[in-house]
Amino acid sequence: MSQLDPRSIPSSFTRGAVDLGALRPPAASPSAPAQPAPPTDSAGPAAGAPPSGVSVAVDESNFQAEVLERSLQVPVVVDFWAEWCGPCKQLSPLLEKLAAEAGGSWVLATVDVDANPRLAQAFRVQSIPTVYAIVGGQPVDGFTGGIGEQQLRQWIDAVRAAGGAAPAESEVDPRIIDADDNLAAGDLDGAEELFSQVLSERPNDPLATSGMAQVALMRRVQTVDSRRVLAEAQERPDDADAQRLAADVEVMNGRAEEAYQRLVDTVRRLRGPERDAVRKHLLGLFDVAGPDDPAVAAARRDLASALF
């Protein structure tokens with residue numbers, strides 16, 4: 001794990017492993033002007049490319065200007081890909097999307113490893129996709145393989161922080177902020193409407209997903225007697241409904257880890273449809289906290305053990 005990224009994103013990056021000096025080309029001869037970057041196939045990362053200025057195809061002729069020199073101003077994320085690489089077809093468009101959203105606060109540079117083997121060798125690329133972040137002319141972090149959108153957003157936030165930028169509040173959809181205000185005020189219908197709008201546009205938005213899970217949770221517990229619910233759950237340990245509602249109460253009272261353990265233990269005891277209903281309910285409670293909560297990660301491992 002690199003010094004930059006505190007999260008559990010698999011990384012093959014080793015500081016000092018990349019010799020960028022070898023990639024600084026000598027001054028071009030007047031009789032041999034630099035060749036433009038080769039055009040990318042429509043199926044590669046350039047397909048549906050973001051606006052000019054936030055993404056660029058890189059080869060040896062423009063590496064110094066587009067990566068090293070530009071990284072003195074904003075972070076540059078270098079995506080090593082190839083046309084035959086299946087995972088690249090998932091990751092590269094996601095990087096392009098986030099680069100377009102960022103509006104120039106960081107730049108995406110794409111490198112076709114088949115057309116640029118020397119660049120791939122300099123970065124010690126052994127498998128693709130491989131992604132590096134360049135800040136101030138030097139690599140600061142990287143990873144190999146595909147990762148999800150939320151993890152990628154977090155990694156890029158860390159890269160931007162290494163470049164001296166903090167995630168701007170304006171990057172959060174204002175509807176999310178308004179929905180959170182509605183939640184705090186007890187306006188569940190208003191919050192749900194705004195979260196639903198975001199999810200209709202971005203079905204995997206982590207903040208809206210968490211918000212909708214919070215709305216559902218608050219609706220389930222807003223009229224219950226917490227003490228009675230917990231007492232009934234203790235009396236009926238194999239009652240799936242009682243255990244689910246007790247877990248809801250515990251999450252609302254700030255005892256999420258106890259709630260997760262309650263439902264994992266219930267999954268271990270039950271079989272059939274009731275067991276599956278408890279499992280799905282637990283996954284819904286995970287959404288309330290979000291996937292990066294350490295307690296969620298631990299509970300997911302416990303759940304997997306209980307199921308298999």
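Above this text is the structure in question.
Here is a short report on the structure shown in this document. It should be emphasised that the depicted structure is a prediction, and the values quoted were computed from it without experimental measurement.

1. A closer look at the nonpolar core
Core analysis: the largest hydrophobic core is formed by 26 residues, its most contacted members being Tyr-260, Leu-282, Leu-285 and Phe-286. Elements supplying a minimum of two residues to this core: α7 (206-221), α8 (226-235), α9 (240-252), α10 (256-269), α11 (272-289) and α12 (294-307). Ranked by size, the runner-up nonpolar core spans 25 residues in total, among them Val-67, Ala-120, Ala-122 and Tyr-132.

2. Some details on the packing of aromatic side chains
Per the counting criterion, the structure on display carries 6 aromatic pairs. For the ring pair Phe-80 and Tyr-132, a centre distance of 6.4 Å and an interplane angle of 85 degrees mean the geometry is edge-to-face. With Phe-80 in strand β2 (residues 76-81) and Tyr-132 in strand β4 (residues 130-135), this residue pair connects regions lying 52 residues apart in the sequence. Look at Tyr-132 and you get buried, because its relative accessible area is 5%. Put simply, the rings of Phe-63, Phe-80, Phe-123 and Tyr-132 touch in pairs and so form one group of aromatic residues.

3. Some words on the sheet that holds β2
Sheet architecture is open: 5 strands sit in the order β1-β3-β2-β4-β5, paired in mixed fashion. This sheet does not close on itself; its edge strands, each paired only once, are β1 (55-57) and β5 (138-144). Sheet twist, expressed as the mean angle between neighbouring strand axes with direction ignored, is 20 degrees. Here 6 bridges tie β4 to β5, and the two strands are oriented antiparallel to one another. In the sheet register, Thr-130 faces β5, and the bridge partner there is Thr-144. Against the sheet, helix α2 (residues 88-102) touches β2, β3 (107-112), β4 and β5, its axis set at about 160 degrees to β2. Sheet strands in contact with helix α4 (residues 149-162) are β2, β4 and β5, and its direction is about 25 degrees off that of β4.

Rules used in this analysis
- Residues numbered from 1 in each chain as written.
- Predicted model: local features only at pLDDT ≥ 70, side-chain atom pairs only at ≥ 80, totals over all residues.
- Heavy atoms only, no water.
- Core = buried A, V, L, I, M, F, W, Y, C linked by side-chain atoms within 4.5 Å.
- Buried < 20%, exposed > 50% of the residue type's maximum accessible area, 1.4 Å probe, protein only.
- Helix = DSSP H or I, 4+ residues; strand = E, 2+ residues; numbered from the N terminus.
- Phe/Tyr/Trp six-rings, centres within 6.5 Å; stacked < 30°, edge-to-face > 60°.
- Pairing = 2+ DSSP bridges.
- Axes fitted to C-alpha atoms, helices over the stretch in contact; angles between N-to-C directions.
- Contact = heavy atoms within 4.5 Å.

Worth remembering: the numbers are spatial, not functional.
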